[in-house]
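Coordinate analysis (summary)
Each chain is listed here by its residues.
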Amino acid sequence: IFMRFRRKTLTSPRLRKKKRKVLFWKMALGAALFIALIFGARFVLNSEIFSIKSIEVIGAKSVSPDKIKSLVSSEIDTSKFGIFSKRNFLFVDTNNISDLIQKSFPDFSKVRTTLAGLGSLVIEVIERTPYAKWCYELDKQCLVIDDKGFAFEKDKVTQATTTLFIFTESKPVYATQIFDADK
């Protein structure tokens, strides 16, 4: 039976101290390079080359395009990870922007956000078309609903293009699905 013997190496305290010192300087150099890499990436990615310079809104009639632009600008003016600007086209979350616009302006049935080139963000919206007015029988408070059953607008005098009225004893709720169009 052969036994393996562990070979012991003799090291002096001076040699161990020297190895620790070399290891410390290697770690310090690695940390410095990592920090320099992060700040270099921040400098490059926050430059004007990568930033969104224009926001274009297509299809908005009932809501001012300037309101949509200011909402999107306030969303992308924040930072990602506290270091990188969301105005950078690499960090723009187009789905998040579409959802934000959809929640803020229920008049839109569909919102599509795309990047057009390096410095341009295009927002295409499709507005809901009125199908009927849903009114609360007691105080005649009405909401306009579309063909999918979504209550999207409080009744205005200018919006009197529909001839179908629904009167109920339940109070209409703004920006909700009232009925399913498939049923």
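Everything below is about the structure printed above this text.
A short tour of the structure in this document, coming up. Per chain, residues are indexed from 1 in the order of the written sequence. With pLDDT at 70 or above as the cut-off, local features in this predicted model cover only qualifying residues; side-chain atom pairs require 80 or more to be listed or tallied, and sums for whole chains, interfaces and linings still use all residues. Think of the side-chain values as coming from all heavy atoms in the structure, minus any hydrogens and water.

1. Topic: the environment of Thr-94
Working definition: helices are DSSP H or I runs of at least four residues, strands are E runs of at least two. Numbering for both runs from the N terminus. Mapped onto the elements, Thr-94 comes out in helix α3 (residues 94-104). Residues Thr-94 and Ile-123 lie 29 residues apart in sequence; the distance between their C-alpha atoms is 9.3 Å. When neighbours within four sequence positions are excluded, Thr-94 is seen to be in contact with Thr-113, Leu-115 and Leu-121. Throughout, a contact is declared for two residues whenever any of their heavy atoms are within 4.5 Å.

2. Let's talk about the environment of Val-44
Positionally, Val-44 belongs in helix α1 (residues 13-45). For each residue, the accessible area found with a 1.4 Å probe, counting protein chains only, is set against the maximum for its type, and the residue is called buried under 20%, exposed over 50%, and partly exposed in between. Judged by its relative accessible area of 43%, Val-44 is partly exposed. As for Val-44 and Phe-84, which are separated by 40 residues in sequence, their C-alpha atoms are 9.9 Å apart.

3. Quick word on a nonpolar patch on the surface
To count toward a patch, a residue needs a relative accessible area above 30% and no salt bridge. Like charges then connect within 9 Å, nonpolar side chains (Val, Leu, Ile, Met, Phe, Trp, Tyr) within 5 Å. Computed by Shrake-Rupley with a 1.4 Å probe, the accessible areas treat only the displayed protein chains as cover when residues are assessed. The term salt bridge refers to a pairing of a side-chain nitrogen on Lys or Arg with a carboxyl oxygen on Asp or Glu at a separation within 4 Å. Where nonpolar side chains cluster on the molecular surface, the patch consists of Phe-34, Ile-35 and Phe-39 and spans about 340 Å² of accessible area. Turning to its location among the elements, Phe-34 is positioned in helix α1. When its relative accessible area of 52% is taken as the criterion, Phe-34 is described as exposed.

4. Structural notes on the sheet that holds strand β4 (residues 108-115)
Paired strands, as defined in this entry, are two strands with at least two bridges between them according to DSSP. Pairing in this open sheet of three strands is mixed, and the strands run β1-β5-β4 from one edge to the other. Since the sheet does not close on itself, it has two edges, and those belong to β1 (54-58) and β4, each with one partner. On average, each strand axis in the sheet is tilted by 15° relative to the strand beside it, whichever way the strands run. One ladder, built from five bridges, connects β1 with strand β5 (residues 120-127); its direction is parallel. Bridging from a neighbouring strand, Val-57 pairs with Ile-123 of β5. Packing of helix α2 (residues 65-76) onto the sheet brings it into contact with β1, β4 and β5, and relative to β1 it is tilted by some 140°. Helix axes use the C-alpha atoms of the stretch in contact, all axes being lines fitted to C-alpha atoms, and the angles between their N-to-C directions lie in the range 0 to 180 degrees.

5. Some points on the pattern of salt bridges
According to the stated counting rule, one finds three salt bridges in the structure shown. One salt bridge connects Arg-87 with Asp-77, and the closest N-O pair in it is separated by 2.9 Å. Of this pair, Arg-87 sits in the loop between β3 (84-85) and α3 while Asp-77 sits in the loop between α2 and β2 (79-80), placing them 10 residues apart in sequence. Classification of Asp-77 by relative accessible area gives partly exposed; the value is 48%. For Arg-128, the salt bridge identified is with Asp-146, shortest N-O distance 2.9 Å. Of this pair, Arg-128 sits in the loop between β5 and β6 (132-136) while Asp-146 sits in the loop between β7 (142-145) and β8 (150-154), and the two are 18 residues apart along the sequence. Accessibility expressed as a relative area gives 15% for Arg-128, which makes it buried.

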